[in-house]
Amino acid sequence: MTREDRATLWRHMRAPVLSFVALMALLAVNVVLGATLPFRAVWVAEAVVVVCMVLTVLLVSMEVWSEPPLVRVFSALGFFWLLILFGMTLVDYLTR
Amino acid sequence: MPDAVTAEAVDIELAEQFVTKEQQRDVGTLGMWAWLVTELLLFAGLFLCALILRIQFPADVTLATTHLKFWIGATNTAVLICSSLTMSGAIVLSRLGWRRGMLGCMLATACLGTLFLVLKGYEYYQDYDENMMPFLARPYALGAHPSTRLFLDIYYVTTGLHGVHLITGVSILLVLTWQASRPRFLQMHQNRIEIYGLYWHFIDLIWIIVFPVLYVLNR
Amino acid sequence: MSPLDSLYRDPDTARITLDRPADYLHAEHTLRSWFFTTDHKRIALLYLASITGFFVLGAIAAGLVRLSLVVPNGVIFTNDTYNKLFTMHGVIMVWFFLIPSIPATFGNFLIPLMIGAKDLAFPRLNLLSWYVFMTGALFTMVVLIVGGVDTGWTFYAPFSTTYSNFYVIPALIGVIIVGFSSILTGLNFIVTIHKMRCPGMTWFRMPIFVWTLYATSLIFLLGTPVITLALILLVMERAFHIGVFDPKLGGDPVLFEHLFWFYSHPAVYIMVLPGMGVVTELVAAFSQKRVFGYRFVAYASIGLASITFFVWGHHMFVNGQSQLASTVFSFLSFAVAVPSAVKVYNWTATIHKGAIRLDTPMLYAMGYIGLFVLGGLTGLFLATLAVDAHLHDTYFVVAHFHYIMVGGTMLAFLGGLHYWWPKFTGRMYPEAWGRVGALLIFIGFNVTFFPQFILGYLGMPRRYHVYPPEFQLLNVLSSAGSTILALGYFFPMIYLVWSLWFGKRAPANPWQAKGLEWTTSSPPPAHNFLAIPRVDFEPYDYPIKAPERA
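The numbers attached to residues start from 1 for each chain and follow its sequence in the written order. The order in which chains are written sets their letters, starting at A; the order in which ligands are written sets their numbers, starting at 1. Whole-chain, interface and lining totals are the exception, using all residues; otherwise, since this is a predicted model, local features are given only for residues with pLDDT of at least 70 and side-chain atom pairs are given and counted only at 80 or more. Side-chain figures throughout are based on the complete set of non-hydrogen atoms in the structure, without hydrogens or water.

S.K.: Just to check I follow, could you spell out the overall build of chain A for this structure?
M.R.: Secondary structure is summarised from DSSP: a helix means a run of H or I of at least four residues, a strand means a run of E of at least two, and numbering begins at the N terminus for each. If you tally the helices and strands in chain A, you get three helices and zero strands. Mapped from its N terminus to its C terminus, chain A presents α and β elements in the order α-α-α. For chain A, with 96 residues in total, the buried portion stands at 44%. In what follows, residue pairs with any heavy atoms lying within 4.5 Å of each other are defined as contacts. For chain A, contacts bridging at least 24 residues in sequence account for 40% of all contacts bridging at least 6. The method behind every accessible area is Shrake-Rupley, applied with a 1.4 Å probe, and residues are considered shielded solely by the protein chains displayed. Working note: accessible area of chain A is about 5300 Å², and carbon and sulfur atoms make up 73% of it. Exposure categories follow from relative accessible area, calculated using a 1.4 Å probe and restricted to protein chains: below 20% of the type maximum is buried, above 50% is exposed, and the middle band is partly exposed.

Here it is, written out as structure tokens:
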């Protein structure tokens, strides 16, 4: 590998490597929280971390960030329908 | 340049139903995203079951969760995050036309996927050993709390279904690696690497949700 | 601008295409060229042949059910046989006929033609979807006929998981497999409609049929995975007793119903929306008039596909769902009436002051509108909490959904089949016989199913074959109607097949209709168009304009 090759590689691999570091850090946070259970409603903090991890994978690893609007809509569509499924079912279970 | 990386031409071959290559690329990407929507909703039902069990039997779900192998689950999450990095590497290298590096990254991804499956298998073996498989006709360690078995069974269905996806993913990846090892692949089908990459990342994404839902949030 | 361009705006009615390349039917003749084809038109015909076969089997089961109900004491069949018969009827008709009916045949054939594409986005996936469909459907068919299943098409737990003594697991596996074929078809349509439109074919220049198929495909994509999972859990429950739906272990059968209806209520719109698209095409063509409120009809399709995911709980008012949930679901169910009514009003406004021709397809379309209104309005009765407590699981429900499924989807399917038959085959069907058939079906249908509204209102429950003798008169009437209906179905089956050899040769555009599919020859060449069309005109560019555009 020449120096230019290295530079090219790093230019293209920067985003994946940074997202890798971020994901590992977030996972570490969740593992520590899960192993130590430092406060009562710790699941709220854990859920927030999970949302951050999901967004990192979607936006950076799967490159939704740089995709045209149509693909962005489809990447969000499933999550929106998941909310419908959860929301309408919980209307029943939370009011039994 | 004595050891410069040899870059190959990168392109796709126009199939007969399309007018432009750009259209063909967009169709591939959109098609995979549409498929991933269905994958997410497939797992959504299982997440819903887990949530409802937690609402109905909070104590039993916590009891069952504490018997899951938290550290194996965490290690496996890290393994899949690594495999995401190598998959991203394969995509980047395919765009640059560095075929050898790309093939290496793809093989590394397949290895990490297999490592995940091996660890998962070991986890199942431990569960079996500790009499934590209530759906089998054998003693069940938490038999005094019958509702715990509901959560455990959802755990097996979810991880099993994810495992099936991973086995499929590794198999397709190996076939793709074999195809990509032939000359001219990158000139004809470069976008297949990108489309497959989306699928792999999404299996990781599903596990990134599965791990906390089953192992962490209910502790 | 090529000389062809003006042709796309005004399909030449008299053009008999002699100097054309071999059409898709005659391009190749081997069996291999059919079973390994990637041409969307040939795959559509494969689907047409297979679903017709399934329809016949489902109809035979229905006929035997009606036969059994002629006498009140249930002596004709044993209880188990009766249960297996209505399950067979329901499973075949819903999963193997209605759901693939219009999308997989007309949708496959027409979407690329209507948007000016050479094929669907994924031709090989399209062929795969047919093989997946046939694998699942034939497997379940064998199970239903040889072993039998007695759960009804809904497979409710805990009966299906714990108490049924028949072959539930294999039947479920077949249905799960068929679900994959729906997903592949829906995915293909969505990508095709987004990415394969010809130059100038904007979203608001697409025929309504394409809009409704887009909405249907969204449901395929967003609903099917959830029922796949629900049925997988059912298989697991029956095979390994995982307990999630078993009340003895703290599981909840109602959870299965939630997961089941999350797909299966929207599935009603998988069956209805494409029919609405077909009827819109028919009404515009046979009134020679632009569709009234085109944009509203288009938006109403997407609206229906979205709202339908919020109303599934109206199947569960008396099944142990919470009071508040029932109220919310009831309220939202009424909202479905709005886009449905938008469609009906726009059809009638399109017909109003049009140059109406009552050819067979239009007869079916008119029948559709009337029966859909009746089916839709009785749906509002059932969405009302108190009324549903009385009518739930009675013949009122049976009549209601048959007015939507048969009066709606089936009539639209037959209307569309006659309308596009010249395009599919290059032959005309005999018009007089067509009208007689349409009339027989309309009469037979109403005689069969209207008495069931009364039966249900009087309290006759569905899925029983022993009933109080005072219900016999209405049941005999219904069974008599079903023989007229069956006779009506024989007409198109016979004369359409006859027309394949003896029908008049069809011109490119026998109906003076607008739309890209009528600009190419009948039947179209292998890649649909001799040159990629270019569109610079509105859809339904008929001589009589709707008042809003005048």
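There is more to say after this.
S.K.: How do you make sense of the nonpolar core when you look at a structure like this?
M.R.: Judged by nonpolar contacts, the single largest core of 288 residues is most densely connected at A:Phe74, C:Trp95, C:Phe96, C:Phe106, C:Phe155, C:Leu233 and C:Tyr368. Of all the elements, helix 9 (residues 253–287) of chain C adds the most residues to this core, at 23 residues. Both domains that meet at this core, namely domain 1 (1–62) and domain 2 (66–96) of chain A, each give it at least three residues. C:Trp95 has contacts with C:Gly90, C:Pro100, C:Phe133, C:Trp153, C:Phe155, C:Val175, C:Val178, C:Ile227, C:Phe260, C:Tyr263 and C:Ser264, leaving out every residue within four places of it along the chain. Throughout this description, the term nonpolar core refers to a set of buried Ala, Val, Leu, Ile, Met, Phe, Trp, Tyr and Cys residues connected via side-chain atoms within 4.5 Å. Boundaries between domains were set according to an automatic or database domain assignment.

S.K.: Looking at this structure, how should I read the interface of chain B and chain A?
M.R.: Quoted interface sizes are often the accessible area lost when the parts come together. Listed as interface residues are 47 residues of chain B and, on the opposing side, 47 residues of chain A. Both sides of the chain B and chain A interface together cover about 4100 Å² of buried area, and 84% of this is carbon and sulfur. Broken down residue by residue, the surface that chain B buries against chain A is led by B:Trp33, B:Ile81 and B:Leu85, which jointly contribute 14%. Any carboxyl oxygen of Asp or Glu that lies within 4 Å of a side-chain nitrogen of Lys or Arg is treated as forming a salt bridge with it. At the junction of chain B with chain A, the criterion picks out one salt bridge. Of the charged contacts in the structure, one is a salt bridge between A:Glu63 and B:Arg95, with a shortest N-O distance of 2.8 Å. Those elements giving two or more residues to the side of chain B that touches chain A turn out to be helix 1 (21–56), helix 3 (70–96) and helix 6 (185–216) of chain B. A total of 17 residues in the side of chain B that touches chain A trace back to one element, the largest contributor, which is helix 1 of chain B. Note on residue classes: Ala, Val, Leu, Ile, Met, Phe, Trp, Tyr, Cys and Pro are nonpolar, Asp, Glu, Lys and Arg are charged, and everything else, Gly too, is polar. Across the side of chain B that touches chain A, the residue classes break down as 36 nonpolar, seven polar and four charged. Note on terms: buried area is the combined drop in 1.4 Å-probe accessible area of two parts once they are placed together, counting the loss on both.

S.K.: Looking at this structure, I do not really get a nonpolar patch on the surface. What am I missing?
M.R.: Like-charged residues within 9 Å of one another, or nonpolar side chains (Val, Leu, Ile, Met, Phe, Trp, Tyr) within 5 Å, are grouped into patches, provided each residue has over 30% relative accessible area and no salt bridge. A surface patch of nonpolar side chains, amounting to about 470 Å² of accessible area, comprises C:Val56, C:Ile60, C:Leu64, C:Leu67, C:Val75 and C:Ile76. With respect to the helices and strands, C:Val75 occurs in the loop between helix 3 (40–68) and helix 4 (79–115).

S.K.: Looking at this structure, how should I read the interface of chain B and chain C?
M.R.: Taken residue by residue, the interface counts 31 residues in chain B and 35 residues in chain C. Where chain B abuts chain C, roughly 2800 Å² becomes buried across the two surfaces, and 77% of that area is made up of carbon and sulfur atoms. The largest contributions to the chain B side of the interface with chain C come from B:Gln17, B:Leu41 and B:Leu150, which together make up 18% of the buried area. Linking chain B with chain C are one salt bridge. Any pair of nitrogen or oxygen atoms within 3.5 Å is treated as a polar contact; in protein, a donor-acceptor pairing is required on top of that, and neighbouring residues in sequence qualify only through side-chain atoms on both sides. Counting the contacts that link chain B with chain C gives four residue pairs in polar contact (both at pLDDT 80 or more). Put simply, the parts of the chain that give the side of chain B that touches chain C at least two residues each are helix 1 and helix 5 (148–180) of chain B. Of all the elements, helix 1 of chain B adds the most residues to the side of chain B that touches chain C, at 17 residues. For the side of chain B that touches chain C, the residue count by class is 20 nonpolar, seven polar and four charged.

S.K.: When you look at the packing of aromatic side chains in this model, what are you seeing that I'm missing?
M.R.: Two aromatic rings are characterised by how far apart their centres lie and by the angle between their planes. Whether two aromatic rings pair depends on their centres lying within 6.5 Å, for rings of Phe, Tyr and Trp, where Trp uses its six-membered ring; planes under 30 degrees apart make the pair stacked, over 60 edge-to-face, and the rest tilted. Tallied over the full model, the rule gives 64 aromatic pairs over all chains. Between C:Trp203 and C:Trp211, the ring centres sit 5.5 Å apart and the planes meet at 65 degrees, which makes this aromatic pair edge-to-face. Assessed through its relative accessible area of 6%, C:Trp211 is described here as buried. Sitting over a ring, as applied to charges here, requires NZ of Lys or CZ of Arg to be within 6 Å of the ring centre and within 35 degrees of the ring normal. The ring of A:Trp43 has B:Arg54 sitting right over it, with the charged end atom 5.5 Å from the ring centre. The lysine or arginine in question, C:Arg295, covers the ring of C:Phe204, its NZ or CZ lying 3.8 Å from the ring centre.

S.K.: Before we go on, may I ask you to explain helix 1 (residues 3–36) of chain A in this structure?
M.R.: Helical geometry note: an α-helix holds 3.6 residues per turn, so side chains three or four residues apart project in the same direction. Residue and element names in this part refer to chain A. To estimate how far a helix should extend, the number of its residues minus one is multiplied by 1.5 Å. In this model helix 1 runs 46 Å from its N-terminal to its C-terminal C-alpha over 34 residues, within 8% of the 50 Å that 1.5 Å per residue would give. The axis of helix 1 is deflected most strongly, by about 50 degrees, at Met13, and proline Pro16 appears within four residues downstream. Leu37 lies just past helix 1 and shows a positive phi near 45 degrees. Note that the bend at a residue is defined as the angle between axes fitted to the seven residues ending at it and the seven residues starting at it.

S.K.: Got a minute to help me understand the confidence of the model for chain B in this structure?
M.R.: Predicted coordinates in regions of low pLDDT should not be interpreted in detail. Across chain B, pLDDT averages 94, with 98% of residues at or above 70. Scored as a whole, the predicted complex attains pTM 0.94, and scored at its interfaces, ipTM 0.94. Every residue gets a pLDDT, meaning the predictor's confidence in that residue, from 0 to 100.

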